[in-house]
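Here are the chains, one letter per residue:
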Amino acid sequence: MSIKQVQTSIAKISIERDSIVLVELIENTYSTYETLEENSLAINKLSGKQGGDLVIFDIQNLKGVSKEARSLAKSMRYNFVYKAVGIVVGNLLTRMFASFFVGISRPGFPIKIFNCKKDAHVWLLKINSELKQSNSPKLDS
């Protein structure tokens, strides 16, 4: 169940009670430099922080990606850093887009491709738990 939601030009973005951000692309979406930046800024505004978010990108409705958007994904200027990202694909085309992004961007945070939102959600909760455990102070025996 979402607690806050915003609409961008190509996506519905919501934050869930467990603080996972869900980005669902609208029908027949073509992603551009501007829409990638717009969605990233909306995620930051919605979650109240910049970076460190757990995000599910549901790209099942993605129909294309502009050359500029691909360049942005590869670029160091793309400074929207997440804690972890699950990408939900619906078919071979969106799986190819996701694989391309993951392969070229090497984002520096855990990222994985899924066939359904539920699996992505479970994985993000597990990653979050692991990250919390690795960052908690160790007590000497």
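Residues numbered from 1 in each chain as written. Predicted model: local features only at pLDDT ≥ 70, side-chain atom pairs only at ≥ 80, totals over all residues. Heavy atoms only, no water.

Attention now moves to the pattern of salt bridges. Counting across every chain of the model gives four salt bridges. The salt bridge partner of K117 is E24, with a shortest N-O separation of 2.7 Å. Remark: E24 occurs in strand β3 (residues 20-25) and K117 occurs in helix α4 (residues 117-135); sequence separation between them is 93 residues. For K117, a relative accessible area of 31% translates into the label partly exposed. The exposure class assigned to E24 is buried, which follows from its relative accessible area of 17%. The residue E130 makes a salt bridge to K126 at a minimum N-O spacing of 3.7 Å. With E130 and K126 both in helix α4 and four residues apart, this pair spans about one turn of that helix. Its relative accessible area of 52% is what places K126 among the exposed residues. One salt-bridge network, in which partners are shared between bridges, spans K12, E24, D58 and K117. (Salt bridge = Lys/Arg side-chain N within 4 Å of Asp/Glu carboxyl O. Helix = DSSP H or I, 4+ residues; strand = E, 2+ residues; numbered from the N terminus. Buried < 20%, exposed > 50% of the residue type's maximum accessible area, 1.4 Å probe, protein only.)

Note on aromatic pairs: each is described by the distance of the centres and the angle between the planes. Going through the model one piece at a time under the given rule, you end up with three aromatic pairs. Summarising the aromatic geometry, the rings of F57 and Y82 are spaced 6.0 Å apart at their centres and angled 65° between planes, so their arrangement reads as edge-to-face. Highlighted residues: F57 in strand β5 (residues 53-58) and Y82 in strand β7 (residues 82-88), separated in sequence by 25 residues. Accessibility assignment for this pair places F57 and Y82 in one class, buried. Site record: aromatic cluster; members linked through ring pairs are F57, Y82 and F109. (Phe/Tyr/Trp six-rings, centres within 6.5 Å; stacked < 30°, edge-to-face > 60°.)

For the rest of this paragraph, the subject is the confidence of the model for the protein. For the protein, per-residue confidence averages 84 on the pLDDT scale, and residues scoring 70 or more make up 86% of the total. Mean pLDDT in the protein bottoms out at helix α2 (residues 67-74), which sits at 75, and peaks at β3, which reaches 95. (pLDDT = per-residue confidence, 0-100.)

If you look at the biggest cluster of nonpolar residues, it comprises 23 residues, and the most contacted ones within it are I13, V23, I43, V55, F57, I59 and V85. Of all the secondary-structure elements, those providing two or more residues to this core are β2 (11-16), β3, α1 (33-47), β5, β6 (62-65) and β7. What F57 contacts, discounting residues up to four positions off in sequence, is V23, I43, Y82, V85, G86, I87 and V88. Ranked by size, the runner-up nonpolar core spans 11 residues in total, among them A84, F114, L124 and I127. (Core = buried A, V, L, I, M, F, W, Y, C linked by side-chain atoms within 4.5 Å. Contact = heavy atoms within 4.5 Å.)

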